[in-house]
Amino acid sequence: MRAVVFESVCEVRVTDVPDAAIEEPGDAVVRVTRTAICGSDLHFFHGKAPIDPGDVLGHEAVGIVKAVGTGVERFSPGDRVVVAFNIACGACWFCRRGEMQLCDDFRNLGAGAFGGSLAGAQATHVRVPTADVNLLRIPDEVDDERALFVGDILTTGLYAASIAEIEPGSVVAVVGCGPVGFFCIQAARAIGAGQVFAIDLEPGRLELAASVGAVPVNARERHPVSALAEATDGRGADVVLEAVGSPSAYESALGMVRRGGRVVVVGVYAGESVEMQLGVYWARALTIRFSGICPVHAWWERAMDEVIAGRVDPSPLISHRLPLEEAAHGYALFDRREATKVVLMP
């Protein structure tokens, strides 16, 4: 089968790899109809996260079940499904609590040894372990492209906005209007936020945020803290969702939030660090919550319902649709921020 593999830092290629196959009774093999390039794939692309040459990349996929193992009960060949980006066992203490991202046997598609050495989804076919847990059937009224992001970033945005405990009429700021930030904006509005401010440096991303109802603030042209203060009689935002994953974005989020407000950190961090003035946090009565990896399995049915209802629409996010064979070009576009989201068609 054909697949996108890591070649070396800032280089991927499409090549033949061994066919995905049933290895355990709970497995399914899915013929991929749509996959995508995610911001977290760039961590491997840039060498920030370790991965070996020849490892298949990608973790976002929808498709049609081609084969199932003898232990699979909920799915059959021919079913249209979305694949969870993080592979959970469904049986451990954490999974039974709906905290699949903390699974004792946590694995991640297309993340090399870090993700349990599972081949990724940027391929013509993908093996999905524990299929009864890690697949979700796609309703007939939802097309592949709208379902694609339910397995990762769309549900991540809904999760982040939900754990922020947004109240009707709340003023919300989203720092970073990449794909996750885009879905945070839509989710915050669907939950009932009054105003949602979108903070970014890229005009194209801000235009996209404005198209789904956010108030755009270009941080190159206007100080975000001042913009939020002016809109709230000096208080600041009730809730700030930090969707970048950099110390400067985190510190900016702290500056935007009001006393007694909440900051949810959904951006991905690794070895970064910041100095914390604990007395300031204490005096301002701030609530800081790190979302961590999204427990997608516990939230993706709700996310699919939002898509069906039209309250969250992923369609405007897709800027490029390319054949799988042009994946290297797609990575280059995404890396240069010339694409908001690249969908690959095997």
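Before going into details, it helps to say that this report is about the structure given with it. Because the structure is a prediction, the values reported are computed rather than measured.

Description of the overall build of the protein chain
Within the protein chain, the regular secondary structure consists of 12 helices and 17 strands. Its C-alpha radius of gyration of 20 Å places the protein chain within 12% of the 20 Å reference for a compact globule of 346 residues. C-alpha extents for the protein chain along the principal axes are approximately 60 × 40 × 40 Å. Within the protein chain, the fraction of its 346 residues that count as buried is 53%. Within the protein chain, contacts between residues at least 6 apart in sequence are counted, and of these 69% link residues at least 24 apart. For the protein chain, the accessible surface area stands at approximately 14500 Å², while carbon and sulfur atoms represent 50% of it. On the protein chain, the mean spot of the 30 positive side-chain charges and the mean spot of the 44 negative ones are 4 Å from each other.

Side note on the environment of His297
Tracing the chain through its elements places His297 in helix H11 (residues 296-309). We classify His297 as buried; its relative accessible area is 10%. Residues His297 and Val150, spaced 147 residues apart in sequence, show a C-alpha to C-alpha distance of 9.8 Å. With residues near it in sequence (within four places) discarded, His297 still touches Ala84, Asn86, Ala88, Met100, Val133 and Asn134. At 2.6 Å, the side chain of His297 forms a polar contact with the side chain of Asn134.

Describing the packing of aromatic side chains
Tallied over the full model, the rule gives six aromatic pairs. Taken together, a centroid distance of 5.4 Å and an interplanar angle of 65 degrees make the contact between Tyr159 and Trp299 edge-to-face. Pair noted here: Tyr159 is in helix H5 (residues 153-163) and Trp299 is in helix H11, with a separation of 140 residues, a long-range link. Neither Tyr159 nor Trp299 differs from the other in exposure class; each is buried. Ring plane angle 25 degrees and centroid distance 6.4 Å describe the contact between Tyr250 and Phe290, whose orientation is recorded as stacked. Of this pair, Tyr250 sits in helix H9 (residues 247-256) while Phe290 sits in strand S15 (residues 287-290), and the two are 40 residues apart along the sequence. Three or more aromatic residues joined by ring pairs make a cluster, and in this case those are Phe149, Phe182 and Phe183. One cation-aromatic arrangement involves Arg302 over Trp299; the distance from NZ or CZ to the ring centre is 3.9 Å.

So, helix H8 (residues 224-231)
Among the residues making up H8, those that are buried are Pro224, Ala227 and Leu228. The arc that holds the buried residues of H8, viewed along the axis, is 95 degrees, so those residues lie on one side. Against the buried residues of H8 lie strand S10 (171-175), strand S11 (195-200), strand S12 (215-218), strand S13 (237-242) and H9. Positive backbone phi, approximately 55 degrees, marks Asp233, located one or two places after H8.

Description of the pairing of S12
Across four bridges, S11 lies against S12 in parallel orientation. Bridge pairing links Phe197 to Val215 in S12. Of the crossover connections in this fold, the one passing from S11 over helix H7 (residues 203-211) to the parallel S12 is right-handed.

Overview of the nonpolar core
With 55 residues, the main nonpolar core has Phe149, Val172, Ile185 and Leu241 as its most contacted residues. Looking at this core, the elements with two or more residues in it are helix H4 (144-148), H5, S10, helix H6 (179-191), S11, H7, S13 and H11. Among the elements that take part in this core, H5 stands out by supplying seven residues, more than any other. Both domain 1 (2-152 + 294-345) and domain 2 (155-290) contribute no fewer than three residues apiece to this core.

A few points about the packing of H5 against H6
Interaxial distance between H5 and H6 falls to 7 Å at its minimum, and their mutual angle equals 50 degrees. Taken together, the axis directions place H5 and H6 in an arrangement best described as oblique. Crossing geometry of H5 relative to H6 is assigned as right-handed. Touching Ile153, Leu154, Thr156, Gly157, Leu158, Ala160, Ala161 and Ser162 of H5 are Pro179, Val180, Phe183, Cys184, Ala187, Ala188 and Ile191, all from H6. Its residues assigned to classes, the contact of H5 with H6 shows 12 nonpolar, three polar and no charged.

Examining a nonpolar patch on the surface
On the surface, a cluster of nonpolar side chains totalling about 280 Å² of accessible area is made up of Val274, Met276 and Leu278. Checked against the element boundaries, Leu278 lands in helix H10 (residues 278-284). When its relative accessible area of 60% is taken as the criterion, Leu278 is described as exposed.

Analysis parameters
Residues numbered from 1 in each chain as written. Predicted model: local features only at pLDDT ≥ 70, side-chain atom pairs only at ≥ 80, totals over all residues. Heavy atoms only, no water. Helix = DSSP H or I, 4+ residues; strand = E, 2+ residues; numbered from the N terminus. Rg over C-alpha atoms; globule rule 2.2 N^0.38 Å. Buried < 20%, exposed > 50% of the residue type's maximum accessible area, 1.4 Å probe, protein only. Contact = heavy atoms within 4.5 Å. Areas by Shrake-Rupley, 256 points an atom, 1.4 Å probe, with all protein chains shown as cover. Lys, Arg positive; Asp, Glu negative; His and termini not counted. Charge placed at Lys NZ, Arg CZ, Asp CG, Glu CD. Polar contact = N/O pair within 3.5 Å; in protein donor to acceptor, adjacent residues only side chain to side chain. Phe/Tyr/Trp six-rings, centres within 6.5 Å; stacked < 30°, edge-to-face > 60°. Lys NZ or Arg CZ within 6 Å of the ring centre and 35° of its normal. Arc of directions from axis to C-beta. Pairing = 2+ DSSP bridges. Right-handed = clockwise from strand over helix to strand, strands pointing away. Core = buried A, V, L, I, M, F, W, Y, C linked by side-chain atoms within 4.5 Å. Domains from an automatic or database assignment. Axes fitted to C-alpha atoms, helices over the stretch in contact; angles between N-to-C directions. Parallel < 35°, antiparallel > 145°, perpendicular 65-115°, else oblique. Left-handed = near helix turned anticlockwise from the far one by under 90°. Nonpolar A, V, L, I, M, F, W, Y, C, P; charged D, E, K, R; others polar. Patch = residues over 30% accessible without salt bridge, like charges linked within 9 Å, V, L, I, M, F, W, Y side chains within 5 Å. Salt bridge = Lys/Arg side-chain N within 4 Å of Asp/Glu carboxyl O.

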